[in-house]
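What follows is each chain in one-letter form.
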Amino acid sequence: MKILVIGSGGRDHAIAWKFKRSPRVKQVFVAHGNGGISETATCVNAKSIEEMADFARKERIDLTFVGPEKPLSAGIVDLFQGQGLPIIGPDKRTSRLESSKCDTKVMLRELGIPIPEFAVFSDPEEARSYVRRVGYPVVVKADGLAAGKGSLVCSSVEEAEKAIQEIMVERVFGEAGTRVDIEKRLFGRELSFFCFCDGYSLVPMVAAQDYKRARENDEGKNTGGMGSYSPHPWLTDSLVQVIMSRVAEPLIRGVREKYEMLYRGILYLGLMLTEDDGEVTPHVLEINIRLGDPEAQVILPRLETDLVDICEAILTRRLGEMNPVWDPAYRLCLIAVSGPTKGKKGWYKGYPDRYKIGVPIQGIERIDPECLLFHSGTEKGADGGYITTGGRVLCVVSRGGTLAEAREKALREMEKVSFEGMYFRRDIGMA
Ligand code: GLY
């Protein structure tokens, strides 16, 4: 089979790597990939969804798997399906579940799925009066897509007003900030939960812990993710049952029956678990319509079942017959990012703020081949070595019988890599 993976980050590298391991797969292409991905798969210089469909048709691609949310929201699934090209991911209409936080919260409330108290605003003054009136800590979320950085967690009314100013007035996330969803901040345990979904049946995956804040001890700004590990210590079988029956199943049934959204692909629920009198409630903080980055980097290496078989079951609505097998050993992912550096016009603060690119990377070849190396933002430099092209640069993924063992290995191997301004969180997976 010929597979096309859409994407160019660490998650997309992990997806390509997983397909490459399938005995059913002859060739993996990635559009548009990056320097490191080109070691695993053939990178294709197709940037628009139309160019991607042209490539898939001409190359007779058997299956396309979409990594990021942007092409899904732009309608890549509708485009491919219209041309008879098999593709995994939700269509444009269903992708609203990620591309509009405001509309999604309204839908979830109508479906009776647990969510934090929230209100939606398109007028900054009304948003300000609301946060003053409620007085409790809130999270201010840009309505649209903001590369994982659009949720500002606030501890005071002043911080909430500043967040409204940045999102709605200064438009730091552009048009994504036309509206905001302001949610009561819940305090509990946060969990990323994933399912395969064929529109009717759902199969839960293993869970992962993501670390969104830029700095150690969960300080600093929100990022796309600074590291992850799996298995997740909280995800017991009974909790899976609670999440499936209270959130995932009513959601997939509800959006199909009430909103004509046939959800096919990966469902990613960002949950806050709260506990009252011993009863756990999974509140939906966000829905993503794809695998997480860097959750995919620790989940896919644990998947022993062929991903091609799972994708075929999604396409033929036979997912209910699948029972994926998972390696119980731990995986832990550290991400090296472009940190503070001095540029021509002063200092770059570093990811998730402005950062320098084109910086040479050393030491990659010294990483123990037992660890996986996924590239997030690299390209090959003139001398054949890698240079940085993004905020998140590369991921080291280790395996261990315990979380501590996996953590020790990943730290040891990441220490072998260096580039100007390189930063990674050393507290990923720390007990
Ligand atoms: N790790 C968060 C995300 O992929 O959205």
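So, here is what we can say about the structure in this document. Because the structure is a prediction, the values reported are computed rather than measured.

1. What to know about the overall build of the chain
Tallying secondary structure elements over the chain gives 12 helices and 25 strands in all. In summary, the chain has a C-alpha radius of gyration of 21 Å against a globular reference of 22 Å for 431 residues, a match within 12%. Looking at the 431 residues of the chain, the share that counts as buried comes to 60%. Taking as baseline every contact in the chain between residues at least 6 positions apart, the subset at least 24 positions apart corresponds to 69%. Carbon and sulfur atoms make up 47% of the accessible area of the chain, which totals about 18,000 Å². Where the 59 positive side-chain charges of the chain centre and where its 61 negative ones centre are 3 Å apart.

2. Focus on the nonpolar core
Across soluble globular proteins, nonpolar side chains have a tendency to be buried as a group. Among the nonpolar cores identified, the biggest contains 52 residues, and Leu4, Ile76, Phe80, Phe193, Leu251, Leu267 and Leu269 are the most heavily contacted of them. Looking at this core element by element, the count peaks at 10 residues for helix α9 (residues 237-259). Not counting residues within four places of it along the chain, the set of residues in contact with Leu4 comprises Phe29, Val30, Ala31, Met52, Phe55, Ala56, Ile61, Leu63, Thr64, Phe65 and Phe80. The next biggest cluster of nonpolar side chains, apart from the first, holds 48 residues, and it includes Val206, Ala296, Leu372 and Cys395.

3. A look at the site of the ligand
In the vicinity of the ligand, the contacting residues are Asp210, Gly224, Tyr268, Asn288, Arg290, Gly292, Asp293, Pro294 and Glu295. Arg290 places a side-chain nitrogen or oxygen 2.8 Å from an oxygen atom of the ligand. A total of 200 Å² of accessible area belongs to the ligand in isolation, and the protein chains cover 93% of it. Of the residues belonging to the shell around the ligand, the class tally is 2 nonpolar, 3 polar and 4 charged.

4. Some thoughts on the pairing of strand β1 (residues 2-7)
Burial analysis of β1 places 6 of its 6 residues in the buried class, which makes it a mostly covered element. With burial as the criterion, each face of β1 is covered, one bearing Lys2, Leu4 and Ile6 and the other bearing Ile3, Val5 and Gly7. Sheet topology places β1 next to strand β2 (residues 27-32); 6 bridges connect them, and they run parallel. Within the sheet, the bridge partner assigned to Gly7 lies in β2 and is His32. Running through helix α1 (residues 10-20), the crossover from β1 to the neighbouring parallel element β2 is right-handed. Pairing between β1 and strand β4 (residues 63-66): 4 bridges, direction parallel. Note on β4: the bridge partner recorded for Leu4 is Thr64.

5. Some details on the packing of aromatic side chains
The way to describe two aromatic rings as a pair is by their centre distance and the angle between their planes. As enumerated under the stated definition, the model contains 7 aromatic pairs in all. Summarising the aromatic geometry, the rings of Phe29 and Phe55 are spaced 5.1 Å apart at their centres and angled 70 degrees between planes, so their arrangement reads as edge-to-face. Placement of Phe29 in strand β2 and of Phe55 in helix α2 (residues 49-58) is noted, with a sequence separation of 26 residues between them. According to the relative accessible area criterion, Phe29 is buried, its value standing at 5%. When the centroid spacing of 6.4 Å and the interplanar angle of 50 degrees are considered together, the rings of Tyr211 and Tyr229 count as tilted. One end of the pair, Tyr211, is in the loop between β12 (209-210) and β13 (213-215); the other, Tyr229, is in strand β15 (residues 227-230), and 18 residues separate them in sequence. Of the two residues examined, Tyr211 and Tyr229, each falls in the buried class. In this arrangement the basic side chain of Lys184 is found over the ring face of Tyr136, its NZ or CZ atom lying 4.9 Å from the centre. The ring of Tyr423 carries the charged tip of Arg215 above its face, separated from the ring centre by 4.2 Å.

Quick notes on the rules
Residue positions are counted from 1 within each chain, in the order its sequence is given. Predicted model: local features are reported for residues with pLDDT of at least 70 only, side-chain atom pairs are reported and counted for 80 or more only, and whole-chain, interface and lining totals are derived from all residues. Side-chain numbers here rest on the full set of heavy atoms in the structure, without hydrogens or water. Strands here mean DSSP runs of E at least two residues long; helices mean DSSP runs of H or I at least four residues long; both are numbered from the N terminus. Our radius of gyration is a C-alpha quantity, and the globule rule it is checked against amounts to 2.2 Å times the number of residues to the power 0.38. Only protein chains enter the area calculation, which uses a 1.4 Å probe; residues under 20% of their type maximum are buried, those over 50% are exposed, and those in between are partly exposed. Contact criterion: two residues are considered in contact whenever any of their non-hydrogen atoms come within 4.5 Å of each other. For accessible areas, the Shrake-Rupley method is used with a probe of radius 1.4 Å. Any residue's cover is judged against the shown protein chains and nothing else. Only four residue types enter the tally: Lys and Arg on the positive side, Asp and Glu on the negative side; His and the chain ends are excluded. Charge placement uses NZ in Lys and CZ in Arg. For Asp and Glu, CG and CD serve respectively. Each nonpolar core is a collection of buried residues, namely Ala, Val, Leu, Ile, Met, Phe, Trp, Tyr and Cys, held together in the definition by side-chain atoms within 4.5 Å. For this description, a residue counts as near a given molecule or strand if any of its non-hydrogen atoms is within 4 Å of it. Polar contact criterion, stated in full: a pair of N or O atoms within 3.5 Å, where within protein one must be able to donate a hydrogen and the other to accept it, and residues adjacent in sequence count only if both atoms are side-chain atoms. Residue polarity is assigned by list, with Asp, Glu, Lys and Arg as charged and Ala, Val, Leu, Ile, Met, Phe, Trp, Tyr, Cys and Pro as nonpolar; anything else, Gly included, falls into the polar class. Only strands joined by at least two bridges in the DSSP assignment are considered to pair. The path from the first strand over the helix to the second decides the hand: if it runs clockwise while the strands point away from the viewer, the crossover is right-handed. Each Phe, Tyr or Trp ring, with Trp reduced to its six-membered ring, pairs with another whose centre is within 6.5 Å; inter-plane angles below 30 degrees give stacked pairs, above 60 give edge-to-face pairs, and intermediate values give tilted ones. Only when the NZ of Lys or the CZ of Arg is both within 6 Å of the ring centre and within 35 degrees of the ring normal is a charge said to sit over the ring.

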